[in-house]
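# Secondary and tertiary structure notes
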Amino acid sequence: MDAKIGAIDTCKPANNDMGSLPTTNTVTIHTPIIPFNSPDSTLGRHLARRLVQVGVTDVFGVPGDFNLTLLDHLIAEPGLKFIGCCNELNAGYAADGYARARGVGACVVTFTVGGLSVLNAVAGAYSENLPLICIVGGPNSNDYGTNRILHHTIGLPDFSQELRCFQTVTCYQAVVNNLEDAHELIDTAISTALKESKPVYISIGCNLPGIPHPTFSREPVPFCLSPRLSNQMGLEAAVEAAAEFLNKAVKPVVVGGPKLRVAKASEAFVELADASGYAVAVMPSAKGLVPEHHPHFIGTYWGAVSTAFCAEIVESADAYLFAGPIFNDYSSVGYSLLLKKEKAIIVQPDRVTIANGPAFGCVLMKDFLAALAKRLKHNPTAYENYRRIYVPEGHPLKCEAKEALRVNVLFEHIQRMLSGDTAVIAETGDSWFNCQKLKLPEGCGYEFQMQYGSIGWSVGATLGYAQAAREKRVIAFIGDGSFQVTAQDISTMLRCGQRTIIFLINNGGYTIEVEIHDGPYNVIKNWNYTGLVDAIHNGEGKCWTTKVHCEEELVEAIETATEAKIDCLCFIEVIVHKDDTSKELLEWGSRVSAANSRPPNPQ
């Protein structure tokens, strides 16, 4: 790590050890020392200050009897705001969205009933390599080991169920049951989340946050995280081998993957693209991590559902470099990518593999890409081939007056709404495919959760992202089925004064599931979604809703949302036919269905 997150300073280490623990004795503090046993020298105050130091100014959560005293100390911190959510799952999703925009997020819940509710969101953040600090108000420290049975548990005197659940979806767990080691446990948890770019779990006994202790008597010293370093010999060997491999290729390409984020290598990737002249593509889950205004950008590589002419160029290349890819059944369209290992260089955050070998460990992606950029011959052949075969996109058929709105017409208008002052949040479902085709202007944010694919994620994530990136107007696309899972926290968006535009795509069910495997379970009860949001609004805050059925109504709604109601949360329910899906979803669904239904191998 060599960039600041919030107030975290990153210092050169005294040695070359990779992943060494953060050092804190190199930073001079100029704030007054708090006297021993001062009412302010408490665990709760220390945790609050630590959150603010690392860049968390909003913490999402739900109060419960085990975390109430802790919440008192969090809200007493001038730089920290507690945002109460309607449920713990949405609080976790909000911390996820916040981490995407801010670099780190946090949520606070109560023991077990809250912890197990937020667990799904934490698992999603783990899959997407997001530093998320999950704080749980735990039982009174005196109750551990007493053979007592407590409420909010499963009725056993062993209170470790929640901890055991979190051990599989967090990179560090701290159970704070005494004040002597609380300082160390909290600091280690937060610094580990930042170093590993993964969620961590902190449980704090409900009787501890307000008790003064000498270990908290000083202002918390800002973290100084030792940066990870590449093995220099390995880096040079990897660059030499990769340069030789790529320089002898006729039409090489480079493809950005989702792990560019955790490797903090987007700038180095662009540096490589500029120097090489290669055609540049992104995997679907990396959309937004690579600038689409790059002169050699050719679109999203997603196998059979790639943007037009992109797959043809990537799969016909005689060499391709993938930076930070994840090849799962979704990104590979049911394992149907036409790629060959012997043509590929796979660059992971700390490892490089060239074709069928060799492989080089302890080589950081950003160092490798930056060094490789200086060794490659300029070769625009693949991009020139793309320009030869490229045919400009057509436009959807013009709508007749008052004709039922089509999804392709909707997204033609959405494209015109985007700017560097906006960010797109795409919910799991057909919004994946329709939003993937949007061309992002410079500075336009883009987020979706492809690896975990939890429906309903986008409501909480929109709340968190919008709270972290107040300068951007978030435009969210949510299907009706997904919205029914997490709709309540529209309420929290209104309380926070957010001005997001939500497009609710109402097509009567779980359309993405229909295209994988249809059945009566994919049909849901239709709601009056605008009526629901009006009821949640209840005259408190700024909110505007409308329902559109045709292009004329859509144009009017967008004009109102972007002009007269620019300072409001705008909820636009779009009524479309249940079979109106992108052609990409139809193709993708059939291939994923085939992969899911493979018969067992002979035993």
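Criteria and cut-off values
Residues numbered from 1 in each chain as written. Predicted model: local features only at pLDDT ≥ 70, side-chain atom pairs only at ≥ 80, totals over all residues. Heavy atoms only, no water. UniProt positions renumbered as here; feature names shortened; annotations may be inferred. Core = buried A, V, L, I, M, F, W, Y, C linked by side-chain atoms within 4.5 Å. Buried < 20%, exposed > 50% of the residue type's maximum accessible area, 1.4 Å probe, protein only. Contact = heavy atoms within 4.5 Å. Helix = DSSP H or I, 4+ residues; strand = E, 2+ residues; numbered from the N terminus. Pairing = 2+ DSSP bridges. Salt bridge = Lys/Arg side-chain N within 4 Å of Asp/Glu carboxyl O.

Per an unreviewed UniProt entry, the recorded name for the chain is pyruvate decarboxylase, and the organism is Nicotiana attenuata. The heading Subunit (unreviewed entry) in the UniProt record of the chain holds the text "Homotetramer."

Formed by 80 residues in total, the largest nonpolar core has its most connected members in Leu 410, Phe 483, Phe 503, Ile 572, Val 574 and Trp 588. Non-local contacts of Phe 483, meaning those with residues more than four positions away in its chain, are made with Val 459, Ile 478, Ile 490, Leu 504, Tyr 529, Leu 532, Val 533 and Phe 571. By size, the runner-up hydrophobic cluster in this structure holds 41 residues, among which are Val 239, Val 280, Leu 321 and Ile 345.

The next subject is the pairing of strand S16 (residues 473–479). For S16, a buried count of six out of seven residues is recorded, marking the element as mostly surrounded by other parts of the structure. Note: S16 against strand S17 (residues 501–506), five bridges, orientation parallel. Paired with Ala 476 across the two strands is Ile 502, which belongs to S17.

Should the charged atoms of two oppositely charged side chains come close, the side chains can pair. Enumeration according to the criterion identifies 16 salt bridges in this entry. Here Asp 96 makes a salt bridge to Arg 100, at a shortest N to O gap of 2.6 Å. Taken together, the residues Asp 96 and Arg 100, both in helix H3 (residues 88–102) and four residues apart, mark about one turn of the helix. Judged on exposure class, the residue Asp 96 and its partner Arg 100 are both buried. Residue Asp 579 is joined to Lys 578 by a salt bridge in which the shortest nitrogen-to-oxygen separation is 3.4 Å. Judged by relative accessible area, Asp 579 falls into the partly exposed class, the value being 49%. Given a relative accessible area of 54%, Lys 578 falls into the exposed group. When salt bridges with common partners are traced through the structure, they connect Asp 96, Arg 100, Glu 128, Arg 261 and Glu 447 into a single cluster.

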